[in-house]
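# Topology and contacts: notes
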Amino acid sequence: MKMLEISWGSETKKVIAMKQGRKLWAHIDGEVICYEAKGSSANQSKAAFTFGPLKSPMPGKIMKVNIKVGDVIEAKKTLIVLEAMKMEYSIKVPESSKVTKVLCAAGDQVKEGQVLLEVEKV
């Protein structure tokens, strides 16, 4: 795990980053982002958000579940708080969504890739 400072324009952000195989995990401003190398660097593209299952970005413990089935949630609202690597990570969606399934509860231990909840387009 490494602490980095990234600057663009007049902003400087502190980032905690960890490389795991072909994945790079970054914790920036309370959000967790996972970048995964897929083939050669010439063929890489940014992944787009798709509605459906939201999976755990890493193994950890669910600390809070702030939603329930049927909730319509705003973009960037914290849905689930996951504790991993002695830090808390907020699971959010980039677009307004409706919760159709919640498959975890506070206190649950989860694996990387485990489905936590499902959302659909509003």
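What this report covers is the structure whose coordinates are included nearby. (Residues numbered from 1 in each chain as written. Predicted model: local features only at pLDDT ≥ 70, side-chain atom pairs only at ≥ 80, totals over all residues. Heavy atoms only, no water.)

As for its position among the elements, lysine 13 is in strand β2 (residues 11-20). If near-sequence neighbours (up to four positions away) are discounted, lysine 13 is found in contact with Leu4, Glu5, Ile6, Trp8, Ile28 and Asp29. (Helix = DSSP H or I, 4+ residues; strand = E, 2+ residues; numbered from the N terminus. Contact = heavy atoms within 4.5 Å.)

This paragraph deals with the sheet that holds strand β12 (residues 115-121). An order of β5-β12-β10-β7 is seen for the 4 strands of this open sheet, with the pairing classed as antiparallel. Bordering the open sheet on either side are β5 (52-55) and β7 (72-73), each of which pairs with just one other strand. (Pairing = 2+ DSSP bridges.)

What follows concerns unusual backbone geometry. Positioned with a positive phi, methionine 85 is a non-glycine residue whose angle comes to about 55°. Mapped onto the elements of the fold, methionine 85 is located in the loop between β8 (80-84) and β9 (87-91). For methionine 85, a relative accessible area of 29% translates into the label partly exposed. (Buried < 20%, exposed > 50% of the residue type's maximum accessible area, 1.4 Å probe, protein only.)

Under the definition given, this model contains 1 cavity of 30 Å³ or more. Size it by volume and the largest cavity reaches roughly 50 Å³. Along its surface, the largest cavity is lined by Met1, Ile16, Ala17, Met18, Trp25, Ala26, His27, Val32, Met58, Met85 and Tyr89. Elements with a contribution of two residues or more to the lining of the largest cavity: β2 and β3 (23-28). Considering only residue class, the lining of the largest cavity consists of 10 nonpolar, 1 polar and no charged. (1 Å grid on protein atoms, 1.4 Å probe; cavity = no way out; pocket = protein on both sides within 12 Å on 5 of 7 lines; lining within 4 Å. Points joined across faces, edges and corners; volume = space filled by probe spheres on them. Nonpolar A, V, L, I, M, F, W, Y, C, P; charged D, E, K, R; others polar.)

A separate point is the environment of leucine 79. Note on placement: leucine 79 falls in the loop between β7 and β8. A residue is classified by how much of its surface remains accessible, and leucine 79, at 0% relative accessible area, is buried. In the structure, leucine 79 is positioned 38 residues away from leucine 117 in sequence and 9.3 Å away in space, judged by C-alpha atoms. Setting aside residues up to four positions removed in sequence, leucine 79 forms contacts with Leu54, Lys64, Val65, Asn66, Ile67, Ile73, Ile91, Lys92, Val93 and Leu117.

Worth remembering: the numbers are spatial, not functional.
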